[in-house]
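# Architecture at a glance
The lines below spell out each chain.
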Amino acid sequence: MSHAFPTAPQSPARAQGAGAVVRLSGVSLGFGGPDVLSNISFSVAPGETRILLGPAGVGKSVLLKLIIGLLRPQEGTVLLLGDDISSLPEERLFTLRARAGMVFQEGALFDSLTVRDNIGYQLIQERAPDDEIDQRVREALTFVGLEQTFDLYPASLSGGMKRRVAIARALIHDPELILYDSPTGGLDPVTSTTIIELIVKQRDVHATPALLVTHRLQDAFTLCNHRFDAEQNRMVQLPEGQINPNTTFLMLEEGRLILDGSLHELLHSTNSEVREFLE
Ligand SMILES: Nc1ncnc2c1ncn2[C@@H]1O[C@H](COP(=O)(O)OP(=O)(O)O)[C@@H](O)[C@H]1O
Ligand SMILES: [Mg+2]
């Protein structure tokens, strides 16, 4: 594989590590058997987009669930937005979790609810006024380019549209962090690009820190060498040789973190498992 990417130093935001949005230290977790995640440490800095690579079954989804406290570590600590989720009582966890947006694998929409009620789900639970819900749902739908689906049910949407609705549902609360679990999984390359464009848009327009799981290297490269152009309202490629400095990589292999670094570090890694993944 050949890549026209330049030698880039590690991003300054990440090198500092202070004031991290997420910080895992020595995290291990098993489900009664061998550890699914073993001694994982890394952080997500403000403004940073971290791309988590790795083949199926290595613990990527488990890692995201740990970060929002749907699972708790057996060893180590998970700091989310400055709070230690491993020791928070459930009711405080709920409030903390609400500050992060999660786009679940496969979108996870409620089939019996309209797009409006799926996206507004949490606002409905909080008994927000109907017209406020309508307005915020419409704004979120405009962001993902799906205004026309407001009254539809998920069954009448394509796979790509469902993912966009799932992204709108995560973004409606202006999250301080967004977690995307395989947002392009199962989609064709053209539809995948429309999803990546939304992620680039959220990164470049709102600078929301993110952790994105993917097994598709093409998604990762598109995120690195594009920016969102607000005037044209679309994603455009960066000039030859430039990459987004705030987009960095993690790679998991059988529960171990085998890479934590920039695109340059990924492409020049001498780790045999990393090389195998790239080839
Ligand atoms: N709740 C659970 N109970 C038992 N095993 C689980 C649970 N969740 C995940 N696992 C196991 O942990 C491993 C990693 O799963 P996962 O994080 O979903 O992988 P992926 O990298 O594909 O997202 C798999 O072997 C899976 O079977
Ligand atoms: Mg998964």
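Small disclaimer: the values here were computed from a predicted structure and weren't measured.

## A closer look at the coordination of the magnesium ion (ligand 2)
When four donors bind a metal tetrahedrally, each ideal donor-metal-donor angle is 109.5 degrees, and when six bind octahedrally, the ideal angles are 90 or 180 degrees. At the metal site, the magnesium ion (ligand 2) is ligated by Ser-61 (OG) and Gln-105 (OE1), and these contacts range over 2.1 to 2.5 Å. Here Gln-105 lies in the loop between strand S6 (100–103) and helix H4 (115–119) and Ser-61 lies in helix H2 (residues 60–67), a separation of 44 residues in the sequence.

## Description of the environment of Val-165
Along the polypeptide, Val-165 turns up in helix H7 (residues 159–171). Taking the C-alpha atoms as reference points, Val-165 and Ile-119, 46 residues apart in sequence, are found 7.0 Å from one another. Setting aside residues no more than four positions away along its own chain, Val-165 makes contact with Leu-109, Val-115, Ile-119, Leu-146 and Leu-157.

## So, the domain arrangement of the chain
What the domain assignment reports for the chain is domain 1 (14–99 + 175–278) and domain 2 (111–174). The distance between the C-alpha centroids of domain 1 and domain 2 comes to 24 Å. Contacts between the two partners involve 17 residues from domain 1, matched on the other side by 12 residues from domain 2. A per-residue breakdown of the area domain 1 buries against domain 2 is headed by Pro-175, Leu-198 and Lys-201, which together make up 39% of the total.

## Quick notes on the environment of Thr-114
You can see Thr-114 is positioned in the loop between S6 and H4. Taking the C-alpha atoms as reference, Thr-114 lies 26 Å from Lys-65; in sequence the two are 49 residues apart. Not counting residues within four places of it along the chain, the set of residues in contact with Thr-114 comprises Phe-150, Asp-151, Leu-152 and Tyr-153.

## Overview of the packing of helix H8 (residues 189–206) against helix H9 (residues 217–224)
Their axes nearest at 10 Å, the elements H8 and H9 cross at an angle of 40°. Considering how the two elements wind past one another, H8 and H9 form a crossing that is right-handed. Contact residues: Ser-192, Ile-196, Ile-199, Val-200 and Arg-203 in H8; Asp-219, Thr-222 and Leu-223 in H9. Residue composition of the contact of H8 with H9, by class: 4 nonpolar, 2 polar and 2 charged.

## As for the nonpolar core
Within the largest apolar cluster, 52 residues are counted, with the highest numbers of intra-cluster contacts made by Ile-119, Phe-249 and Leu-266. A domain split of this core shows at least three residues from each of domain 1 (14–99 + 175–278) and domain 2 (111–174). Residue contacts for Ile-119: discarding those within four places in its chain leaves Val-137, Ala-140, Leu-141, Val-165, Ala-168, Arg-169 and Ile-172. Counting 32 residues, the second-largest nonpolar core is a separate cluster that includes Val-22, Ala-100, Met-102 and Leu-177.

## Digging into the site of ligand 1
Taken together, the neighbourhood of ligand 1 is formed by Phe-31, Val-36, Pro-55, Ala-56, Gly-57, Val-58, Gly-59, Lys-60, Ser-61 and Val-62. At 2.7 Å, a backbone N or O of Gly-57 approaches an oxygen atom of ligand 1. At a separation of 2.9 Å, an oxygen atom of ligand 1 approaches a polar backbone atom of Val-62. Relative to its unbound accessible area of 560 Å², ligand 1 is 54% covered by the protein chains.

## Quick notes on the sheet that holds strand S8 (residues 210–214)
Across the sheet, which stays open at both edges, the 6 strands sit in the order S6-S7-S8-S3-S11-S12 with mixed pairing between neighbours. Single-partner strands in this sheet number two, and they are S6 and strand S12 (256–261). When strand polarity is set aside, the average angle formed by the axes of neighbouring strands in this sheet is 15°. Pairing analysis gives 4 bridges linking S6 to strand S7 (residues 177–181), with the strands arranged parallel. Considered in S7, the bridge of Val-103 is made with Tyr-180. Relative to S6, H7 is tilted by about 170°, and along the sheet it contacts S6 and S7.

## A word on the sheet that holds strand S1 (residues 22–30)
Pairing within the open sheet is antiparallel, and its 4 strands lie in the order S2-S1-S4-S5. A strand with exactly one partner marks an edge of an open sheet, and here the two such strands are strand S2 (35–44) and strand S5 (83–84). In the sheet, S1 pairs with S2 via 6 bridges, with the strands oriented antiparallel. Paired with Leu-29 across the bridge in S2 is Leu-37.

Thresholds, definitions, all that
- Residues numbered from 1 in each chain as written.
- Chains lettered and ligands numbered in written order.
- Predicted model: local features only at pLDDT ≥ 70, side-chain atom pairs only at ≥ 80, totals over all residues.
- Heavy atoms only, no water.
- Donors = N, O, S within 2.8 Å, 3.2 Å for Na, K, Ca; no water.
- Helix = DSSP H or I, 4+ residues; strand = E, 2+ residues; numbered from the N terminus.
- Contact = heavy atoms within 4.5 Å.
- Domains from an automatic or database assignment.
- Buried area = accessible area lost by both parts, 1.4 Å probe.
- Axes fitted to C-alpha atoms, helices over the stretch in contact; angles between N-to-C directions.
- Left-handed = near helix turned anticlockwise from the far one by under 90°.
- Nonpolar A, V, L, I, M, F, W, Y, C, P; charged D, E, K, R; others polar.
- Core = buried A, V, L, I, M, F, W, Y, C linked by side-chain atoms within 4.5 Å.
- Buried < 20%, exposed > 50% of the residue type's maximum accessible area, 1.4 Å probe, protein only.
- Near = heavy atom within 4 Å.
- Polar contact = N/O pair within 3.5 Å; in protein donor to acceptor, adjacent residues only side chain to side chain.
- Areas by Shrake-Rupley, 256 points an atom, 1.4 Å probe, with all protein chains shown as cover.
- Pairing = 2+ DSSP bridges.

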